[in-house]
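This is what each chain is made of:
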Amino acid sequence: MRGFVARPPLRCSCSASTRAGTGSTRSSRGAAAMKFAYRFSGLLGTVYRRGNLSFTRDGSALISPVGNRISVFDLKNNKCETYPLATRLNIVCVGLSPDGTLAILIDEEGAALLVSLIGKCVIHQFYFHKPVHSVSFSPDGKKFVITKDNVALMYHAPGRKREFNAFVLDKTYYGPYDETTCIDWTDDSKCFAVGSKDMSTWVFGAERWANLIYYSLGGHKDIIVACFFEENSLDLYTISQDAALCVWQCDTELDGLKPRPPKDAAREKNTEENGEEFLEEPKGEEIHGKANPSEQETRDKVKYSRVAKYFFNKEGDFNNLTSAAYHKKTHLLVTGFASGIFHLHELPDFNLIHSLSISDQRIASISINCTGDWIAFGCSGLGQLLVWEWQSESYVLKQQGHFNSMVSLAYSPDGQYIVTGGEDGKVKVWNTSSSFCFVTFTEHTSGVTAVTFTSNGYVILSASLDGTVRAFDLHRYRNFRTFTSPRPSQFSCLAVDSSGEIVSAGSQDSFEIFIWSMQSGRLLDVISGHEGPISSLSFNPMKSVLASASWDKTVKLWDMLDSWRTKETLILNSDVLVVAFRPDGKELAVASLNGQITFWDHENAVQTGSIEGRHDLQMGRKELDKITAKQAAKGKSFTTLCYSADGQSILAGGLSKFVCIYNVKEQILMKFEISCISLDAMEEYLDRRKMTEFGSMALIDEGGGGDDGVAIPLPGVKRGDMSYRHFKPEIRVTCLRFSPTGRSWAATTTEGLLIYSLDSGHFDPFELDIDITPSNIHKTLHQKEYTKAIIMAFKLNEKKLIQEVIEAVPSNEVDVVCSSLPDLYVEKVLEFLASAFEISCHLEFYLIWAHKLLMLHGQKLKTRSVKLLPVIQFLQKSIQRHFEDVSKLCEWNIYNIKYALAISKQRGMKRLAEETSVDEDDLDSDSDYLMQEVHKDNLSS
């Protein structure tokens, strides 16, 4: 009996739970656990949530906070990478060091992470105890300032030398009466300015200068959104939320700042030492600013005067100004508004260069790169990220996730693309290698409930609550088929057979299954028999059998070749939520409402095993729940199932922060945790600190201010919106899918589309012997015993060593080496070639290897096709990507050569009026030789 009850593991991000057994069993389980050492590798579907955008030092990459992680968009190479580190809550501000090696990430509660952008790891953790509004490094990289409440704190910048505590407080600046909002530094790091909600801006000296310790600036009637120093000057620009810009001129240059007399500095130092000799650790120096200092205090000090005041909102057609950025070298000011409009102005003359609307949502963050060419905009309401080149007026990057939650996903057969469907009615296709969405289909008018690829990988099918199933063509990016039912039905699930010809969809209101032909688009049959809503459909990959699950506690098997008659009915103890066939078609997995996963031999209608999965979900407690998480978990169940590519494991998830991988044969449970605490139902126990005598603090609506931009108020409301309700999205996993390559799996969650991949960084030898050492492998290689050296390298299983050995084999010897390789190592070489294609530039050499292996061992590999399918698909994905890149390059070169030939023929000739085009046949015949040469050059490169 293969059924087992999985025990819950320890609370961690990834853990394994096994039962005791013999030594051999333990070793095999250890190998299986090593096989499932998946690590977080990417976050798709979410490009921006909240917080400030930052360009890297060279200006070619953009750092965007996405929930509790950061994504780096490489704009030159068109790639996106999400770092494998996370804060507890959503990130609200990011500070980037001037050299681009360090970043400070601060979350909603003021917990900070010091992160190395080179090593992609956390160096230090720190807690500021209160929410932080902004963080900024000084241009020389020696200090950084954070603002919280009405205080600015200056710290010594970490990373210059080895230290136990990376965050050492230098000075504390008091002055504003309300919360601080923004920071800007002078170019020489001598002073910085801080904006506040009390409508004032404060200029502080990073050192106690004799003529500048602090200075307060007024002149505004609303919250200060941004303040900027002019280049190499103390002159200042301040911008308020009511779209007013003040230009401040200083009577002193930066060189005119005088250091303090030695006597005063020495006297103060002695006072500090005497006062702090009983303290455990030295406190930072405190500077208290006054809004109205006396005449004696301002004598011989720096003075500011307002020379101009400009208004963006002259005609009253804009909403609140929400964000701004300034490029000092080009004097370019970019301002964003709550209505989605942004302006480009040239300062100090306030000349309007450009005005454009990018959406109807508030622009939350703006950033300009170092050259001043690219401007990044973030809209938190839509989850939209744009990079705009203002001089050419073109988009460098335009990405947007689903407006509401993602509901379903599917991998393409080669694992290169992922399609997602959302509650917003959109179908998006993502490239797994670049992490970018490259096409969005918007034909559905209601939420998408299911998506899938056909077997050829070029057609996407989607089912929706709007009563249609649509087919999209990935060649021409169009909706070429729309399947409908005789009377309107809401489709809840979708399946397509292995040939891609038969499309089926289940209805949740009429309890029927509809069958269409992909070729003709006609409705073939309507299957009735279920007495409840259809919850899931799945075609057998090997036979013409359709399995349908319903809330009537049954799973029915329909024979496609026998006029869709019921072949078998499987009766369960609870409502059935999801059903899935194993890739070999011999086993059926069913998840029901009572939290069980049952396994069936569908040919004989016999249950072969079961998993009690309710305890593995480990539900969290919502903020407003009246019952404990343990009690809430009793009513929870798995809502999505998926077999791995080799069929040995099953992936399960539901309304929980955990994703479970069950290895049925070895009785192993691997659990992966979604870590963002900003989502609801994440905590297992109630936080007593949030409880008052009147109930939970979560019931208090904190969204009464006007910070969130455009809100539709109730009639008569002047300030704030009483109709606004603050809510936290609940954590849930809506869909799980294994990649056909077997090396990764994806999950659509409240956080976004999470990708987990196999981590190949650990040492995992294979049949290791005492004589297998790097020196012996090199010695064998020098003796030109290539086959033996390859086998030894794979036994040691060091990737760099394997690459060195394979690339040392001469191209004319590849045929001989491939023919002498044992069958066991053919699979391993193919898997290595698939991964090498992704990073290596030796394209032709590795293609020779793949071609010879498949030609010489093809028949033997075919007998193990089910087991080897993930490896072959991984290889196909890698080769297909190179084929697309090279074919695009060749087409571009062909076009250029044709153009050059046409121009050369016309040069020196007087063109007749009736000649409208050059004969393309002649051009083709003239350029045949050149075409062949171009193809050769491209392939060799």
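Please refer to the structure placed before this passage.
Here the structure is a predicted model, which means the values were calculated and not measured.

Undergrad: An account of the overall build of the protein chain is requested, with residue identities and associated values reported.
TA: Counting its secondary structure elements, the protein chain contains 14 helices and 60 strands. Going through the 941 residues of the protein chain one by one, you find that 51% of them count as buried. Considering only contacts within the protein chain whose residues lie at least 6 apart along the sequence, 51% involve residues at least 24 apart.

Undergrad: Any chance you could break down a nonpolar patch on the surface for me, citing the residues and the numbers?
TA: On the surface, W892, Y895, Y899 and I903 cluster together to form a nonpolar patch covering roughly 470 Å² of accessible area. Given the relative accessible area of 32%, I903 is considered partly exposed.

Undergrad: Explain the sheet that holds strand β48 (residues 576-581) to me, and be specific about the residues and the numbers.
TA: The strand order β48-β49-β50-β51 describes an open sheet built from four strands, whose pairing is antiparallel. Unpaired on one side and paired on the other, β48 and β51 (606-612) mark the two borders of the sheet. Looking at each pair of strands side by side, their axes are set apart by 20 degrees on average, direction ignored. Two elements, β48 and strand β49 (residues 588-592), share five bridges in a ladder whose sense is antiparallel. Across the sheet, residue F581 finds its bridge partner in β49, namely L588.

Undergrad: So, the nonpolar core: which residues are in play, and what are the values?
TA: One finds I790, I806, V829, L833, W849 and L853 to be the most contacted residues of the largest nonpolar core, which totals 42 residues. Counting residues per element, the ones that place at least two in this core are α6 (774-782), α7 (786-796), α8 (799-808), α9 (814-820), α10 (823-839), α11 (843-863) and α12 (865-906). Ranked by residue count, the leading element in this core is α10, at nine residues. What L853 contacts, discounting residues up to four positions off in sequence, is C818, L821, V826, V829, L830, L833 and G858. Counting 21 residues, the second largest nonpolar core, distinct from the first, contains C642, V659, V733 and Y756.

Undergrad: Give me the pattern of salt bridges: which residues, what numbers.
TA: In total, this model carries 20 salt bridges according to the counting rule given. Of the charged contacts in the structure, one is a salt bridge between E207 and K171, with a shortest N-O distance of 3.8 Å. With E207 in the loop between β17 (201-205) and β18 (214-217) and K171 in strand β14 (residues 168-174), the pair connects residues that are 36 residues apart, well separated along the chain. A residue is classified by how much of its surface remains accessible, and E207, at 38% relative accessible area, is partly exposed. Judged by its relative accessible area of 4%, K171 falls in the buried class. The residue K852 makes a salt bridge to D815 at a minimum N-O spacing of 3.9 Å. Note that K852 is positioned in helix α11 and D815 in helix α9, a separation of 37 residues in sequence. Judged by relative accessible area, which is 25%, K852 ranks as partly exposed. Taken together, the shared-partner salt bridges in this structure form one network comprising K143, D170, K171 and E207.

Undergrad: How would you summarise the sheet that holds strand β34 (residues 427-431) if you had to cite specific residues and measurements?
TA: Backbone hydrogen bonds hold the strands of a sheet together, and the pairing may be parallel or antiparallel. Read from one edge to the other, the open sheet built from four strands follows the order β32-β33-β34-β35, with strand pairing classed as antiparallel. The sheet is open, and its two edges are formed by β32 (406-411) and β35 (437-441), each paired on a single side. Shown here is a sheet whose adjacent strand axes are inclined to one another by a mean of 20 degrees, direction ignored. Of the pairings in the sheet, the one linking β32 to strand β33 (residues 417-422) comprises five bridges and is antiparallel in character. Opposite A410, over in β33, you have V419 as the bridge partner.

Undergrad: If you had to explain the environment of T773 to someone new, which residues and values would you point to?
TA: Examined against the element boundaries, T773 turns out to sit in the loop between β60 (752-758) and α6. For the pair T773 and L796, spaced 23 residues apart in sequence, the C-alpha separation works out to 7.4 Å.

Undergrad: How would you explain the pairing of strand β53 (residues 649-654) if you had to name every residue and give the values?
TA: Burial of β53 is extensive: six of the six residues sit out of reach of the surface. Here five bridges tie strand β52 (residues 638-643) to β53, and the two strands are oriented antiparallel to one another. Bridging across to β53, C642 finds its partner in L651. Pairing of β53 with strand β54 (residues 658-663), which is carried by five bridges, proceeds in the antiparallel orientation. Looking at the pairing, A652 lines up with C660 of β54. Hairpin connection, β53 to β54: the antiparallel pair is bridged by three residues.

Undergrad: For α8, give the residues involved together with the corresponding values.
TA: Those residues of α8 lying buried are L801, I802, V805 and I806. Within α8, the buried residues cover an arc of 125 degrees as seen down the axis, which keeps them to one side.

Undergrad: Just give me the short version of α6, but keep the residues and values in it.
TA: Along α6, the residues that are buried comprise I777, T780 and L781. One side of α6 holds all its buried residues, which, seen down the axis, span an arc of 100 degrees. Of the exposed residues in α6, those oriented more than 90 degrees away from the buried face are K779 and H782. Each element contacted by the buried residues of α6 is listed here: α7 and α8. The positive-phi residue at the C-terminal boundary of α6 is K784, with phi of around 60 degrees.

Undergrad: Got a sec to walk through the environment of T440? Specific residues and values, please.
TA: Relative to the helices and strands, T440 is located in strand β35. Sequence separation of T440 and W430 is 10 residues, and the distance between their C-alpha atoms is 9.3 Å. For T440, the residues in contact, after removing those within four places along its chain, are K426, V427 and K428. Side chain to side chain, T440 and K428 meet in a polar contact 3.1 Å long.

Undergrad: Now, about the side chain of D497: what can you tell me, with residues and values included?
TA: Looking at where D497 falls in the secondary structure, it is placed in the loop between β40 (491-496) and β41 (502-507). Here D497 occupies a buried position and makes no salt bridge, while the nearest side chain of opposite charge, R481, is found at 13 Å. In this structure the side chain of D497 is engaged in a polar contact, spanning 2.7 Å, whose partner is the side chain of S499. Here E501 takes part through its backbone nitrogen, which lies 3.1 Å from a polar atom of the side chain of D497. For D497, the residues in contact, after removing those within four places along its chain, are I502, F539 and M560.

Undergrad: Which residues make up the packing of α8 against α11, and what values go with them?
TA: Between two packed helices, what matters for the description is the angle formed by their axes and the separation of those axes. Taken N-terminus to C-terminus, the directions of α8 and α11 make an angle of 85 degrees; their axes are 11 Å apart at the nearest point. For the element pair α8 / α11, the angle class is roughly perpendicular. Along its contact with α8, which presents Q803, I806 and E807, the element α11 presents F845, Y846 and W849. Tallied by class, residues from the contact of α8 with α11 come to four nonpolar, one polar and one charged.

Undergrad: Let's hear about the packing of α6 against α8: which residues, and what values?
TA: One way to put it is that α6 packs onto α8 with a least axis distance of 11 Å and a crossing angle of 5 degrees. In terms of orientation, α6 and α8 fall into the roughly parallel class. Contacts between α6 and α8 involve P774, I777, H778 and L781 from the first element and L801, E804, V805 and A808 from the second. In the contact of α6 with α8, the residues fall into six nonpolar, one polar and one charged.

Undergrad: With reference to specific residues and values, describe the side chain of D107.
TA: By the element assignment, D107 lies in strand β8 (residues 102-107). No salt bridge is formed by the buried D107; the nearest opposite charge belongs to R88, separated by 5.5 Å. A polar side-chain atom of D107 sits 3.1 Å from the main-chain amide nitrogen of E109. Not counting residues up to four positions away in its chain, the partners in contact with D107 are T87, R88, L89, N90, I91 and V92.

Undergrad: Explain unusual backbone geometry to me, using residue names and the numbers behind them.
TA: The peptide bond linking L347 to P348 adopts the cis configuration, its omega dihedral lying at 5 degrees. A positive phi angle is found at F511, which is not glycine, with a value near 60 degrees. Take F511: it is sitting in the loop between β41 and β42 (513-517). On the accessibility criterion, F511 (30% relative accessible area) is partly exposed.

Quick notes on the rules
- Residues numbered from 1 in each chain as written.
- Predicted model: local features only at pLDDT ≥ 70, side-chain atom pairs only at ≥ 80, totals over all residues.
- Heavy atoms only, no water.
- Helix = DSSP H or I, 4+ residues; strand = E, 2+ residues; numbered from the N terminus.
- Buried < 20%, exposed > 50% of the residue type's maximum accessible area, 1.4 Å probe, protein only.
- Contact = heavy atoms within 4.5 Å.
- Patch = residues over 30% accessible without salt bridge, like charges linked within 9 Å, V, L, I, M, F, W, Y side chains within 5 Å.
- Areas by Shrake-Rupley, 256 points an atom, 1.4 Å probe, with all protein chains shown as cover.
- Salt bridge = Lys/Arg side-chain N within 4 Å of Asp/Glu carboxyl O.
- Pairing = 2+ DSSP bridges.
- Axes fitted to C-alpha atoms, helices over the stretch in contact; angles between N-to-C directions.
- Core = buried A, V, L, I, M, F, W, Y, C linked by side-chain atoms within 4.5 Å.
- Arc of directions from axis to C-beta.
- Polar contact = N/O pair within 3.5 Å; in protein donor to acceptor, adjacent residues only side chain to side chain.
- Lys, Arg positive; Asp, Glu negative; His and termini not counted.
- Parallel < 35°, antiparallel > 145°, perpendicular 65-115°, else oblique.
- Nonpolar A, V, L, I, M, F, W, Y, C, P; charged D, E, K, R; others polar.

Fair warning: the whole summary comes from geometry, so function is off the table for now.
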